[in-house]
Amino acid sequence: MFWRCLTISSKELQINEEIRDREVRVIGPDGAQMGVMSSQKALEMAFAQNLDLVKIAPQATPPVCKIIDYGKFRFEQAKREKEARKNQRVVDIKEVRLSLNIDTHDFETKAGHAMRFLKEGNKVKVSIRFRGREMGHPEQGYEVMKRFAAALEEVANVEKPAKLEGRNMLMFLAAKPAKS
C-alpha cells in the first residue's frame, strides 16, 4: 500500500488526506450521487477503487468531493487550458495619425492602412494633433474624423467617438464582428 502515502500536492484542490471535513457529499467516478458520509468512509471507498478523493466544491454545505483519478484529471485540465491559450488572440491597438488639412490621396492611404489593421483583427486609434492656430478650429477636426469613420463604416464600428484631449483629438475603431 505504498501509493496511499503518496499525495499529489495541489494549491487549488484538496485531495485524499488533505480533506479535513467531518462530512462530505460524495460523487462517484461515474458521476452518480453517493450521498453524504464521513470523509474517512469516502476516502476508504476511493482507495478501494484505486482512485483519489478530490474536494471539488469546498464552499458547499457539506463540501462536495468526487472520486476520480487525480493524475488523469490534472492532465486533462492542463490540456484544456493549453487549448484555450492556443485559441485566444491578443488584440493590438494600431495608431493612424491624420492632420487637420489632410489631402484626398493621403486620406485614402491612411484609410487603407486602417482597413488592413482592422482586417487583421486589431483596433485602430485615429488621432489628429492640433498645431498652433489649428486649436481655434476643433470643428474641422471633428469633420475629418467623421469622414474617416464613414470611409471605414463597412468594416469598422466606432468604439469611442472623436474627443478632444488637450491638443490631440482621438477616436477608436474596432472591427465589425464577422457575419456567419
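Where an unreviewed UniProt entry is consulted, the protein chain appears under the name Translation initiation factor IF-3, with the organism given as Candidatus Caccousia avicola. Among the UniProt annotations of the protein chain, the heading Subunit (unreviewed entry) holds the following wording: "Monomer." Among the UniProt annotations of the protein chain, the heading Function (unreviewed entry) holds the following wording: "IF-3 binds to the 30S ribosomal subunit and shifts the equilibrium between 70S ribosomes and their 50S and 30S subunits in favor of the free subunits, thus enhancing the availability of 30S subunits on which protein synthesis initiation begins."

Note on placement: G28 falls in the loop between β1 (23–27) and β2 (33–38). Along the chain, G28 and I68 lie 40 residues apart, while their C-alpha atoms are 7.7 Å from each other. G28 has contacts with M34, K66 and I67, leaving out every residue within four places of it along the chain.

The next subject is the side chain of S127. With respect to the helices and strands, the residue S127 is situated in strand β6 (residues 123–129). Exposure remark for S127: the relative accessible area of 6% places this residue in the buried category.

What counts and what doesn't
- Residues numbered from 1 in each chain as written.
- Predicted model: local features only at pLDDT ≥ 70, side-chain atom pairs only at ≥ 80, totals over all residues.
- Heavy atoms only, no water.
- UniProt positions renumbered as here; feature names shortened; annotations may be inferred.
- Helix = DSSP H or I, 4+ residues; strand = E, 2+ residues; numbered from the N terminus.
- Contact = heavy atoms within 4.5 Å.
- Buried < 20%, exposed > 50% of the residue type's maximum accessible area, 1.4 Å probe, protein only.

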